[in-house]
Amino acid sequence: MAVDELQAIIQRCQILEEADFKGEDFNLFQVAGQKCLEDGCAAQLLEVIKNEKNKVIIKNMGWNLISPLVRCIFMYEQKDDKREQCLKILDQLAQLCNPKELFLGLLEQIEQTSGEQVCQTVMLLLQPLQTVLLKLQNKKAYSVGLSLAVIMNQLTPLPVPYTRQQIEEDKLGLCQCCNAVVDFAKPFVNEAVKNMEKSSEYNDMELKEELLKFCMKSLRYPLLTAQFEQLEGIEEHPFRRFATEIIDILWDIRELIPLVFSHRKGKSPLWENQEFADIEQKNDADSLACLSYLMFVQHFGIDCFPIVFSPSYLLQCNMIHIEVLLKRTEESILSKGLDLFESCLLRMEDNSLLHQYLEFRDFISIPQDLVKVMTLCPIEHLRKKSLSILQLFIDKFDAEGKYTLFRCLLKTSNHAGVEGYIIKNIKDQIHLSLTKASDNIWFTGHHLVSLLGLVFLLPEGAETDLLQNSDRIMASLNLLRYLVIKDCESDNQTGVWAALANIEHNFLKPLRVGLNMSKAHYEAEIKNKKENRREAHSSTTVSSVTVSGEKMPAMTTEMQLQVLHSALFTFDLIESVLARVEELMEVKIKAVMDEN
């Protein structure tokens, strides 16, 4: 019945001229063709389409069958004969239909799909879409760019497989689809290369610009989120292959090296809306950061890279990309920033990075970003890695660079643990200065005295929260103990003996007062808790306690007492080191007086 209806419409249209086709004819053809497909008459429909007499009708009306055709293809099983016939119909339409009309029909079908069918639909329609685009004469570059943009926009909301299991399963087909899209683009890459060889006119560069946009988008998604480590059991890592293809396209269109060494080079539209301009700038920054990671960490395209640049210059070029990645919170992206930073630093020798590099903003802001990762990131292995990279960064600077960096971090970190770590580094540098034959002016004499002014200091005097600042205080006391032991008052290489009065006034005296106040407060708290426990005749009462300015979770009285005793133990530890430092100072001063 459906086939008879279609034949009747075909016979009616065969006697009409192409210009006489009406909207009603298009609608009747679409309805009849759809019924044929739904009734399982794909073989008969295929015969109608292949009939040479119907060539003009199919050329003008065939594109209307795309939507019902795609629905039927997904309805049948993979090896069903009717599915094969539907696929042959799709191939015939790609060959026979008006390219412009079919192009719009295919794109509309891709745009309308969603969820789990996105990748299936894209992979199904890539071949006919490529066939149609290769036929287009006018606005080919624009049409290729529009096709790639629509496809990538449809893929972008899909989650990127990250673990080995997710990549193997490829549940939504994203891994397979991404590589299919690259294969789809290859003929247009070849055409763009030929255009570049012939001419440098803008009209001949349009296709190159569209391919560049596609590569930038691909770097941002899925490559920015993907992981690239070789996985056991996976012979060809799909995202490694995709990354290789994208790098190859950039190389072929002569954009790889310019992108690595500059900001976005393409012609960005001038947005009237500043918000849109900011979004595009951020997107480009993400793409370029991913490109640098692929080249310098994963070594994609590294064979094309000139080997004339110094490690310090490469570090300088990559700092902007490292900063972009370190400001992200996603594990897959943040880890790329740490890997890129580490890779750049490992190329350099210790003490080779000149202090002048700290005049660049990134060289100051990125250590602060590392500190945030160290102290705020919930992922332990990333916290540990950021600490090791901070140490690596410190090690690469010359003496003046280390000195400047220490001053900066002591002023900006606002974290006692980090400050304690920096003070330990200062101690190590002083030790090197005192034990080496070469004279290091930055960690001895008046330069060091200036730096020690930032070390031997309680932020809020005697009222400083000693528990919260215990890491910094212990590191400072250990440094002072080291200086008193290592540096004789008669030599005073470090200048610490001349600064002793300031250290006593700004650090030791308020520390003693603060210890007495803190111990008295905590001892009173312990006494109150014990009295309350006796009154309640039970240690299971649940309440809260405030330690170091922060309210702790609800705890039993016994648990609260343990916390308070732990705080007292910390104060006792600080007090014992303080007493030892004062004792050493007295001994040294007495020895000098006796000698005099």
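Residues numbered from 1 in each chain as written. Predicted model: local features only at pLDDT ≥ 70, side-chain atom pairs only at ≥ 80, totals over all residues. Heavy atoms only, no water.

- Looking up the protein chain in an unreviewed UniProt entry gives the name Glomulin, with the organism given as Colius striatus.

### Digging into unusual backbone geometry
And step 1. With an omega of 10°, the peptide bond running from Tyr221 to Pro222 counts as cis.
And step 2. Relative to the elements of secondary structure, Pro222 occurs in helix H12 (residues 202-223).
And step 3. With a phi close to 65°, Arg254 is a non-glycine residue in the positive phi region.
And step 4. Relative to the elements of secondary structure, Arg254 occurs in the loop between helix H13 (238-252) and helix H14 (256-260). (Helix = DSSP H or I, 4+ residues; strand = E, 2+ residues; numbered from the N terminus.)

### Looking at the side chain of Gln429
And step 1. Checked against the element boundaries, Gln429 lands in helix H21 (residues 416-435).
And step 2. The buried category is assigned to Gln429, whose relative accessible area is 11%.
And step 3. Apart from residues no more than four positions distant in its own chain, Gln429 is found in contact with Lys402, Phe406 and Phe443. (Buried < 20%, exposed > 50% of the residue type's maximum accessible area, 1.4 Å probe, protein only. Contact = heavy atoms within 4.5 Å.)

### Overview of the packing of helix H8 (residues 118-135) against helix H9 (residues 140-155)
And step 1. Two elements in contact, H8 and H9, have axes separated by 11 Å at closest approach and are oriented at 175°. With respect to H9, the element H8 is oriented roughly antiparallel. Contact with H8, carried on its side by Val118, Cys119, Val122, Leu126, Leu129, Leu133 and Leu134, involves Lys140, Ser143, Val144, Ser147, Ile151, Gln154 and Leu155 of H9 and no other residues of that element. (Axes fitted to C-alpha atoms, helices over the stretch in contact; angles between N-to-C directions. Parallel < 35°, antiparallel > 145°, perpendicular 65-115°, else oblique.)

### Comments concerning the nonpolar core
And step 1. Judged by nonpolar contacts, the single largest core of 184 residues is most densely connected at Leu155, Leu294, Phe341 and Leu511.
And step 2. Here this core takes 12 residues from helix H11 (residues 174-198), the largest share from any one element. (Core = buried A, V, L, I, M, F, W, Y, C linked by side-chain atoms within 4.5 Å.)

### A word on the packing of H21 against helix H23 (residues 470-486)
And step 1. Close contact between H21 and H23 brings their axes to 7 Å; oriented N to C, the two are set at 15°. Taken together, the axes of H21 and H23 lie roughly parallel to each other. Here H21 and H23 pass one another in a crossing that is left-handed. Along the contact surface, H21 presents Ala416, Gly417, Glu419, Gly420, Ile423, Ile426, Lys427, Ile430, His431 and Leu434, while H23 presents Asp471, Arg472, Ala475, Ser476, Asn478, Leu479, Tyr482, Leu483 and Lys486.
And step 2. Considered class by class, the residues forming the contact of H21 with H23 number nine nonpolar, five polar and five charged. (Left-handed = near helix turned anticlockwise from the far one by under 90°. Nonpolar A, V, L, I, M, F, W, Y, C, P; charged D, E, K, R; others polar.)

### With respect to the packing of aromatic side chains
And step 1. By the definition in use, this model includes 20 aromatic pairs.
And step 2. Between Tyr357 and Phe360, the ring centres sit 6.0 Å apart and the planes meet at 45°, which makes this aromatic pair tilted.
And step 3. For Tyr357, a relative accessible area of 14% corresponds to the buried category.
And step 4. Residue classification places Phe360 among the partly exposed positions, given a relative accessible area of 39%.
And step 5. Across the ring face of Tyr482, the terminal group of Lys427 is positioned such that the distance to the ring centre comes to 5.2 Å. (Phe/Tyr/Trp six-rings, centres within 6.5 Å; stacked < 30°, edge-to-face > 60°. Lys NZ or Arg CZ within 6 Å of the ring centre and 35° of its normal.)

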